[in-house]
Amino acid sequence: MSGDARVVAVLGPTNTGKTTYAIERMLGHRTGVIGLPLRLLAREVYDRCVALRGPSVVALVTGEERIVPPRTQYWVCTVEAMPEGMGCDFLAIDEIQLCADPERGHVFTDRLLRSRGLHETLFLGAETMRDPIKALVPEAQYMHRERMSQLVYSGQKKVSRMRPRSAIVGFSVDNVYAIAELIRRQKGGAAVVMGALSPRTRNAQVDMYQNGEVDFLVATDAIGMGLNLDIDHVAFSSLTKFDGRRMRPLAPNELAQIAGRAGRGQKDGTFGVTGDVRPLDDGTAQAIMDHRFTPIQKLQWRNHALQFGTIDALVRSLESPPDHDVLVRAREADDLKSLKTIAESAEVTARCTNGPSVRLLWDVCRVPDFRGISHGEHSNLLDVIFRYLHERGSIPDDWMARQIKRIDRSDGDIDAISKRLAFIRTWTYVAQRKGWTDNLDHWRSETRHVEDRLSDALHEKLTQRFVDRRTSVLLRRLGQKEAMVAEVNDQGEVTVEGEFVGKLDGFRFSQDKGAGAAEAKTIKTAALQALAPHFHLRADRFYNAPDTEIDFTEQGGLMWGSSAVGKLVAGSEPLKPQVEVFVDDVAGPEVAQKVQRRAQHFIDRKIAALFEPLLNMQRDETLSGLAKGFAFRLIENLGVLPRASVADDVKALDQDARGALRKHGIRFGQFTIFMPLLLKPAPTRLRLVLWSLSKNLGEFPESPPPGLVTIPAMTDTADGADIMAGYRNSGERAIRIDMLERLADMLRAEDSRGGFEAKADMLSITGMTLEQFSGLMAGLGYKAEKGEREKVKPAPVVVADATDAPAKAEATEDAAAPTGEDAATPTAEDVPTPEADADAIVAAEATPEAKADQDAPAAEPAETEVFYTFTWGRAPAANRARPNQGGKPRGKGAPGGGKPKGKGKGPRKDGAGGKAQNFSARPPRREKPIDPDNPFAAALMGLKDNK
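Residues numbered from 1 in each chain as written. Predicted model: local features only at pLDDT ≥ 70, side-chain atom pairs only at ≥ 80, totals over all residues. Heavy atoms only, no water.

**Student:** Describe the overall build of the protein chain, with residues and values.
**Tutor:** Tallying secondary structure elements over the protein chain gives 32 helices and 34 strands in all. Of the contacts made within the protein chain by residues no fewer than 6 positions apart, 68% connect residues no fewer than 24 positions apart. Counting every atom, the protein chain has about 48300 Å² of accessible surface; 51% of that belongs to carbon and sulfur. (Helix = DSSP H or I, 4+ residues; strand = E, 2+ residues; numbered from the N terminus. Contact = heavy atoms within 4.5 Å. Areas by Shrake-Rupley, 256 points an atom, 1.4 Å probe, with all protein chains shown as cover.)

**Student:** Tell me what's going on with the sheet that holds strand β23 (residues 550–552), and back it up with residues and numbers.
**Tutor:** Read from one edge of the open sheet, 4 strands run β23-β24-β25-β26, paired in antiparallel fashion. Each edge of the open sheet carries a strand with a single partner, namely β23 and β26 (578–581). Within the sheet, the average angular offset between the axes of one strand and its neighbour, ignoring direction, is 30 degrees. Bridge count for strand β25 (residues 563–569) against β26 is 4 bridges, and the pairing is antiparallel. Looking at the pairing, L568 lines up with V579 of β26. Relative to β26, helix α19 (residues 589–610) is tilted by about 145 degrees, and along the sheet it contacts β23, β24 (557–560), β25 and β26. Sheet contacts for helix α24 (residues 681–694): β23 and β25; angle to β23, the most-contacted strand, approximately 60 degrees. (Pairing = 2+ DSSP bridges. Axes fitted to C-alpha atoms, helices over the stretch in contact; angles between N-to-C directions.)

**Student:** Let's hear about the pairing of β24: which residues, and what values?
**Tutor:** Pairing of β23 with β24 involves 3 bridges; the strand directions are antiparallel. The partner of I550 across the bridge, within β24, is W560. Hairpin remark: β23 followed by β24, antiparallel, with 4 residues in the connecting loop; positive phi at G556, about 90 degrees. Joining the antiparallel neighbours β24 and β25 is a turn of 2 residues, in which G561 adopts a positive phi near 70 degrees.

**Student:** Give a detailed account of the environment of S394, specifying residues and quantitative values.
**Tutor:** Its location among the elements puts S394 in the loop between α13 (375–392) and α14 (397–407). With 41 residues separating them in the primary sequence, S394 and G435 have C-alpha atoms 6.8 Å apart. Not counting the four nearest positions on each side in its chain, S394 is found in contact with Y388, L389, G435, W436, T437 and D438. A distance of 2.8 Å separates the side chain of S394 from the side chain of D438, its partner in a polar contact. (Polar contact = N/O pair within 3.5 Å; in protein donor to acceptor, adjacent residues only side chain to side chain.)

**Student:** Provide a residue-level description of the nonpolar core, including the pertinent values.
**Tutor:** Core analysis: the largest hydrophobic core is formed by 63 residues, its most contacted members being F507, L575, F611, M617, F630 and L661. Looking at which element gives the most residues to this core, the answer is α19, with 7 residues. Excluding anything up to four places from it in sequence, L661 contacts M617, L623, A627, F630, A631, L653, I666 and F668. By size, the runner-up hydrophobic cluster in this structure holds 61 residues, among which are Y177, V348, L360 and I407. (Core = buried A, V, L, I, M, F, W, Y, C linked by side-chain atoms within 4.5 Å. Buried < 20%, exposed > 50% of the residue type's maximum accessible area, 1.4 Å probe, protein only.)

**Student:** Describe in detail the pattern of salt bridges, supporting the description with residues and values.
**Tutor:** On inspection of all chains with the given rule, the structure shows 49 salt bridges. Linking R200 and D452 is a salt bridge whose minimum nitrogen-to-oxygen distance equals 3.7 Å. Residue R200 is located in helix α6 (residues 199–210), and its partner D452 is located in helix α16 (residues 440–466); the two are separated by 252 residues in the primary sequence. A relative accessible area of 41% places R200 in the partly exposed class. Accessibility expressed as a relative area gives 17% for D452, which makes it buried. The network of salt bridges with shared partners includes R39, E64, R425, R448 and E451. (Salt bridge = Lys/Arg side-chain N within 4 Å of Asp/Glu carboxyl O.)

**Student:** Account for the sheet that holds strand β30 (residues 710–712), naming residues and giving values.
**Tutor:** Pairing is antiparallel in the open sheet, where 3 strands are placed in the order β30-β32-β31. Because the sheet does not close on itself, it has two edges, and the strands there are β30 and β31 (727–730). Averaged over all pairs of adjacent strands, the angle between their axes in this sheet comes to 30 degrees, without regard to strand direction. Looking at chain direction, β31 and strand β32 (residues 733–736) are connected through 4 bridges and run antiparallel. Residue pairing in the sheet places Y727 in a bridge with R736 of β32. Of the strands in this sheet, β31 and β32 are in contact with helix α26 (residues 737–747), which crosses β32 at around 85 degrees.

**Student:** Give me the packing of α26 against helix α28 (residues 770–780): which residues, what numbers.
**Tutor:** Interaxial distance between α26 and α28 falls to 13 Å at its minimum, and their mutual angle equals 85 degrees. The orientation of α26 relative to α28 falls into the category roughly perpendicular. Of the residues in α28, those touching α26 at L740, L743 and L747 are F773, L776, M777 and L780. (Parallel < 35°, antiparallel > 145°, perpendicular 65-115°, else oblique.)

**Student:** Residue-level account of unusual backbone geometry, with values.
**Tutor:** Phi at N15 takes a positive value of approximately 60 degrees, unusual for a residue other than glycine. Tracing the sequence through the fold places N15 in the loop between β1 (6–11) and α1 (18–27). Judged by relative accessible area, N15 falls into the buried class, the value being 15%.

**Student:** Go over helix α9 (residues 311–318), please, and point to the residues and values.
**Tutor:** With 6 of 8 residues buried, α9 lies mostly within the body of the structure. Three or more residues of α9 are buried, namely I311, A313, L314, V315, S317 and L318. Its buried side turned inward, α9 meets α10 (334–343), α11 (346–351) and α12 (355–365).

**Student:** Describe the packing of aromatic side chains, and please don't skip the residues or the numbers.
**Tutor:** Counted by the stated rule, this structure contains 14 aromatic pairs. Judged by centre distance (6.3 Å) and plane angle (15 degrees), the ring pair of Y868 and F870 falls under stacked. A connected cluster of aromatic rings, assembled from ring pairs, spans F756, F773, Y782, Y868, F870 and W872. R433 extends its terminal NZ or CZ atom over the ring of W436, reaching a point 5.0 Å from the ring centre. (Phe/Tyr/Trp six-rings, centres within 6.5 Å; stacked < 30°, edge-to-face > 60°. Lys NZ or Arg CZ within 6 Å of the ring centre and 35° of its normal.)

**Student:** Break down the packing of helix α20 (residues 612–619) against helix α21 (residues 625–636) for me, citing the residues and quoting the values.
**Tutor:** Running from N to C, α20 and α21 cross one another at 145 degrees; their axes reach a closest spacing of 10 Å. Where α20 crosses over α21, the handedness of that crossing is left-handed. Residues L614, M617 and Q618 of α20 form the contact with α21, whose participating residues are A631, L634 and I635. Class assignment for the residues of the contact of α20 with α21 results in 5 nonpolar, 1 polar and no charged. (Left-handed = near helix turned anticlockwise from the far one by under 90°. Nonpolar A, V, L, I, M, F, W, Y, C, P; charged D, E, K, R; others polar.)

These figures capture arrangement, not role.
The structure is reproduced here in structure tokens:
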């Protein structure tokens, strides 16, 4: 060491700029080395030096990373990885108070005693190291640096009340994860920093915090070692830690080292406790604020002058006592423990017969136990590595590849990836050792890539688990009290500041269901605030939208496209419903009123268009008296009335009144009084909604599919729903009102007393099978008697020759002769005699055809068919006429009239033997034209032509 070389101890509390001062001093020299306590801090300092001098002159050396450019001038290292004997101009050791650390203290003490720069040496640390340095380095000078900001104790606070830019410190992985999970639910998320993280993962997590993506940091005591973070408050979730052997309380100076991370530069900071931790006593809190701590009395030491003759000599040299009263022998470290374990193997002892072999064994034993599985597992791994190195001179590539391949997987949860990351650190360390592998550059690159992949995967998993970016971003923007930007896509998905928050359906916001209870309030507040201008723009678009974009549902809802914007509610009259709109309160009354006006205009115009005949009748001032009252009843019932319910009113109407009503399209049917125009699908659909509203139904009946003559009976709905749907329940089916009236016209011509069968026209008009038709007729009040009979087969077609032509013609004329009531009375010549029958039989037997008939097999059994005979019966209670109205069909079987008249009967005498009563037939009714829209119109026309 040159005579002008100086040794300076730069001491003081945290946030005094000691590390920054050392970097400036190092870069002022031609060459320099700085040793740092953590590889995370080493990476931070390396990045700062590269930014100032460029990557070509700055090296980074840690146990697991080595970046050494050819023209290196400045070395940034962890304390354990500092190169020795380089003769650099400048040398610095940061956090020198770690000389007292039970685990690593002996390494720092060795650097304190033996590492020097040619021109300048700096020891950076706490004021508590003044006395030990003075005793061991008498030539040292001292520089005290004051903290640049104040550190104030703020007591205990719940995590939920923690202010942004806070760090919560835990001393175990489980504790850190639990706190991070709590903050995610309540505050939107937190970054996680632990010493076990790779630099890549740690930097990614810190960048999230520094960039403001999250406002909270959850960390171990790793943040206490010089990491420069923008922290305003440090909260301790525990005051005890496991030091590798036992749980012990943290000393005030250790608490101060961590608490000092609060406040940066000239900005003051605070510290306190959280969770179940009791508040600090006044003495400890005041000592931390005043930076007054008990001076360090003893430093950990281990002999550096090792003997490599034999394993026993090496162990003795490692366990030799110090020669200074300030120094104490370090407890047995992991490397010494591994050495003793491996040395128990006879094979290893046999191999270590000279200095190089013992030195190699010691180098292998110094591989850190990153995996932390167990001491035995770690020792076994070191044993294998030593055997390969001793036998082959290097670790086999195939064996190394297998070890790395098992680790190179990024699947699994945080714990699984963390374990793999710890495992790869072992092989990263091995790959960094010169001469241990045949292809040094390949394995350094391979292990670095695997660690990077695992680091990225771990960062992603940590972010997924402990960061809700959405809530974090929204909370931050709400705190900034700035206008937030919301975007709504075509599907109604809402994003605020780029984060999905829910969907906008019409004028109501539905937030994302995946949000937890704690974050739901934040999301809704931010979303509704950002959506305020969108509500006004959307209200303007709705107000100017054509009616074709708006519709009502069968349950009374109002839809604008696929969005629900309101619902119909009952008004003062069935034809005057009101509108209740679905608009969030945050949209404001102006938006709600505009939406309500447009929706009311729509439904009013829809009613005016679909119920125009009914409204015209309502406005007809020429109607008076009974006609006006009857019109009111029809309007009140939305254009459809069961005749039985107004039988007295119908009877009271004179022909003039009926004529005035018929001018408005009213049809007086046998069963129903209705307006045919209002039976179309669109008016029917709206009528069911308006009727359901007037009846205050909880569930509205649905409109039947258009075009069906019959549907299943509407039995599970409110009374009268079938009539409002344009149908009438009859048995298990319901028949359309207008088609029922056409069927009634057909039934009027039948003999309902003597019985009749269903005609093809009846089945055709209803579209039913015979069995279904019988059920329908039973619902109308008819009795259906089922029977079977032999099915009549059509006569076989015989091709006759020319000689049979006259007989054929004669037979045809006979077949065409009238039968039944219209047939003429037969003459004596037409009646066959027994003799004629006998002659015919003899003649038949004499022919070959008769002979063949005798030889033919017996005929097959005759087929039978089912038929129904319908007679008028007492009408069901639901269809029965009121008293004095009669329950039997009028005329010849028309439903709803008096007794049926017998068909083809002579004059009937009364029961008292009086004079016969004469009945005169009314003029024949003009046949009703066939409806061309009927799906069976073609078949009906064919039947009509064949009459």
